[in-house]
Amino acid sequence: MDETTSKLAFDTDWQYDPAPESTDHIRIDEQYELFIGGEFVAPKEGRYFDSINPANEQVLARVAAAGKDDVARAVKAARKAYQTSWSTLKPAERGKYIYRIARVLQERAREFAVIETLDGGKPIRESRDIDIPLAAAHFFYYAGWADKLEYAFPGKQVAALGVAGQIIPWNFPLLMAAWKIAPALACGNTVVLKPAETTPLTALKLAEVIRDAGLPPGVVNIVTGAGDTGAALVDHPDIDKIAFTGSTAVGRSIQKSLAGTSTKYTLELGGKAANIIFADAAIDEAVEGIVNGIFFNQGHVCCAGSRLLVQESVADEVIRKLKDRMESLIVGDPMDKNTDIGAINSPAQLAKIEDYLRIGQAEGGEMYQSSATLPTTGYWCRPTLFTGVSQSNRVVQEEIFGPVLAIQTFRTLEEGLDKANNTPYGLSGGVWTDKGAKIFKMTRAIRAGVIWANTFNKFDPASPFGGYKESGMGREGGLHGLDAYLELS
Ligand code: NAI
Ligand code: MG
């Protein structure tokens with residue numbers, strides 16, 4: 001497309017007709033309790049909090065806030081289940097339960113997708129096509145390993161760790177629960193999971209699935225609440241392993257709390273990934289990859305391609321095409337099947353993003369946003385890019401976790417590489433080029449756990465995921481994900 005035709009394509013007035021997904025087939029209760037020992041129980045201190053729909057600010061449900069005593073009760077139930085049922089069960093039987101969870105998730109996929117979108121604000125297209133199918137795929141994948149652990153680690157003795165405490169964020173609520181629960185169960189551990197306070201509903205639905213699948217009581221316990229509930233889980237003395245995904249700040253505080261104890265831990269923290277576009281790349285595909293890398297899920301993605309490094313000779317073309325494409329992105333009702341960019345997850349996250357928009361401009365960056373009209377209630381941010389920023393700028397160095405892209409240029413491969421590695425993070429990266437040799441050179445030298453070549457944000461249960469530097473420690477997914485829940489000797 002040259003400049004004239006691309007302008008014509010997006011200057012027309014036509015719009016898609018609304019295509020809202022139906023909510024008729026779903027049930028959300030007014031109030032949810034804690035899932036402990038196989039049943040739903042009220043929190044001891046009687047505290048509850050609201051989970052809202054960030055697209056319209058309406059309350060979806062009241063949810064129990066677990067205090068220290070509730071967390072202790074959940075850990076006790078998990079310990080009992082570990083000792084009396086789960087660790088003594090034949091591995092093939094454990095596998096059958098995990099398969100059952102996977103199959104029920106598939107059967108009820110539409111219901112889960114709708115609730116995920118209502119509670120968290122992400123477009124229904126993403127929860128339907130990505131979050132829920134991938135969550136089921138993780139249960140299927142790890143179900144298969146349950147009775148084959150000794151083949152996964154030939155020559156080693158494998159043993160479960162015991163009780164795992166798992167704390168997850170709000171950007172992929174059900175998928176993160178699956179990432180954490182599936183490998184833990186396959187390896188013979190029992191679990192206490194704490195969902196994020198803005199998106200607890202699909203984890204509570206998963207609790208129903210787990211109960212209905214007939215898992216022995218206490219094998220999976222779900223305690224909802226905010227940071228204090230998470231901290232109570234970390235501080236509990238009878239936990240053998242903590243798995244955390246979230247902010248680097250909380251990851252650090254967890255590391256401090258656990259220093260000097262025998263509790264094992266894995267941490268999946270933030271990122272500031274670079275998408276690196278060479279002049280010889282297929283430019284139109286690269287532009288789609290950039291869009292997918294940063295605007296997917298409102299940029300609420302730890303491995304988001306939040307920096308664009310583009311080779312100087314094609315920078316003007318790439319930026320022009322990117323702006324055209326941004327103009328065509330539909331921002332709004334997450335329940336509409338045409339929506340590309342949904343609601344920002346919470347007012348706090350929106351305030352953080354807006355802060356960075358101010359910081360970026362104050363630092364001298366030039367900000368460009370699409371002209372999308374935003375709904376008047378709910379939390380929204382237009383797709384945004386910054387040009388004219390340099391390596392030391394905060395919008396280039398710090399994780400924004402919103403639909404905000406920082407663009408820099410480079411001339412040589414070495415310069416691109418230097419810039420890519422020059423942040424405190426190392427979770428992911430992307431390379432776009434026609435040359436295989438360049439891909440190998442770059443992927444070897446970029447200090448990041450996951451690197452995509454000529455694509456971005458692709459996930460598979462069989463591939464490990466995790467970061468270097470301040471992006472965390474340990475890996476999830478694949479065989480590495482089993483390793484994290486086993487004692488090998
Ligand atoms: P957060 O790290 O506070 O929340 C993640 C989870 O940790 C939630 O379940 C929360 O309740 C829990 N938590 C909070 N404080 C805790 C504590 N002291 N001990 C144990 N658990 C605790 O992240 P937040 O505030 O929601 O988001 C802030 C920033 O963190 C985002 O803007 C983003 O940059 C980053 N983030 C990164 C994520 C990732 O996937 N790597 C996910 C979510 C946020
Ligand atoms: Mg919510």
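Note that the structure is predicted; figures quoted are calculated from it, not measured.

Here we look at the coordination of the magnesium ion (ligand 2)
With distances of 2.2 to 2.6 Å, the protein atoms coordinating the magnesium ion (ligand 2) are S51 (OG), I52 (O), D119 (O), D119 (OD) and T198 (O). If you list the donors of the magnesium ion (ligand 2) from N- to C-terminus, the spacing comes out as S-I-x66-D-x78-T. In this pair, I52 is assigned in strand β4 (residues 48–53) and D119 in helix α4 (residues 109–120), connecting sequence segments 67 residues apart. A relative accessible area of 23% means that I52 is categorised as partly exposed.

Section: the domain arrangement of the chain
Structurally, the chain comprises domain 1 (31–269 + 471–488) and domain 2 (274–460). Across the boundary between the two partners, domain 1 contributes 28 residues, which contact 30 residues of domain 2. Summed over both sides, the interface between domain 1 and domain 2 buries roughly 2,500 Å², with carbon and sulfur atoms accounting for 58% of that surface. When the buried area of domain 1 at its contact with domain 2 is split by residue, R125, W170 and S471 rank highest and sum to 22% of it. Where domain 1 packs against domain 2, one counts one salt bridge. A salt bridge links D340 to R125; its shortest N-O distance comes to 3.0 Å. For the pair domain 1 and domain 2, the interface holds twelve residue pairs in polar contact (both at pLDDT 80 or more).

Focus on the side chain of N297
Inspection of the secondary structure assignment puts N297 in the loop between α11 (283–295) and β13 (307–311). Among the polar contacts listed, one links the side chain of N297 to the side chain of Q298, at a separation of 3.5 Å. Once residues within four sequence positions are removed from consideration, N297 is found in contact with K122, E126, N171 and F172.

Structural notes on the site of ligand 1
Ligand 1 sits among 26 residues. The nearest are W170, E197, S247, K352 and E399. Note that an oxygen atom of ligand 1 is positioned 2.8 Å from one of the backbone N or O atoms of I168. For ligand 1, an oxygen atom lies 2.7 Å from a polar atom in the side chain of S247. A total of 810 Å² of accessible area belongs to ligand 1 in isolation, and the protein chains cover 84% of it. Sorting the residues of the shell around ligand 1 by element identifies α9 (227–235), β10 (241–245) and α13 (347–362) as the ones contributing at least two each. Ranked by residue count, the leading element in the shell around ligand 1 is α9, at three residues. Here the shell around ligand 1 is built from residues that sort into 13 nonpolar, eight polar and five charged. Counting contributing residues per domain, the shell around ligand 1 is built from domain 1 (31–269 + 471–488) and domain 2 (274–460), each supplying no fewer than three.

Concerning helix α8 (residues 201–212)
Its twelve residues give α8 an end-to-end C-alpha distance of 17 Å, which sits within 8% of 16 Å, the value for a rise of 1.5 Å per residue. Within α8, burial applies to L201, T202, A203, L204, K205, L206, A207, E208, V209 and I210. With its phi angle positive at about 80°, G214 sits one or two positions after the end of α8.

Considerations on unusual backbone geometry
Of note, the phi angle at F401 is positive, near 65°, even though the residue is not glycine. For F401, the position within the fold is in the loop between α14 (394–397) and β16 (404–410). We note that K469 has phi near 50°; this positive angle belongs to a residue other than glycine. By secondary structure assignment, the location of K469 is in strand β20 (residues 468–469). The exposure class of K469 is partly exposed, given its relative accessible area of 40%.

With respect to the pattern of salt bridges
Within the structure shown, the criterion is met by 31 salt bridges. E288 is paired through a salt bridge with R325; the nearest N and O atoms lie 2.5 Å apart. Here E288 is found in helix α11, whereas its partner R325 is found in helix α12 (residues 312–327), with 37 residues between them in sequence. Residue classification places R325 among the partly exposed positions, given a relative accessible area of 23%. Taking the shortest distance from any N to any O, the salt bridge between K419 and E415 comes out at 3.0 Å. With K419 and E415 both in helix α15 (residues 413–421), this residue pair falls four residues apart, about one helical turn. For E415, a relative accessible area of 29% translates into the label partly exposed.

Parameters and conventions
Residues numbered from 1 in each chain as written. Chains lettered and ligands numbered in written order. Predicted model: local features only at pLDDT ≥ 70, side-chain atom pairs only at ≥ 80, totals over all residues. Heavy atoms only, no water. Donors = N, O, S within 2.8 Å, 3.2 Å for Na, K, Ca; no water. Helix = DSSP H or I, 4+ residues; strand = E, 2+ residues; numbered from the N terminus. Buried < 20%, exposed > 50% of the residue type's maximum accessible area, 1.4 Å probe, protein only. Domains from an automatic or database assignment. Contact = heavy atoms within 4.5 Å. Buried area = accessible area lost by both parts, 1.4 Å probe. Salt bridge = Lys/Arg side-chain N within 4 Å of Asp/Glu carboxyl O. Polar contact = N/O pair within 3.5 Å; in protein donor to acceptor, adjacent residues only side chain to side chain. Near = heavy atom within 4 Å. Areas by Shrake-Rupley, 256 points an atom, 1.4 Å probe, with all protein chains shown as cover. Nonpolar A, V, L, I, M, F, W, Y, C, P; charged D, E, K, R; others polar. Expected span 1.5 Å × (residues − 1).

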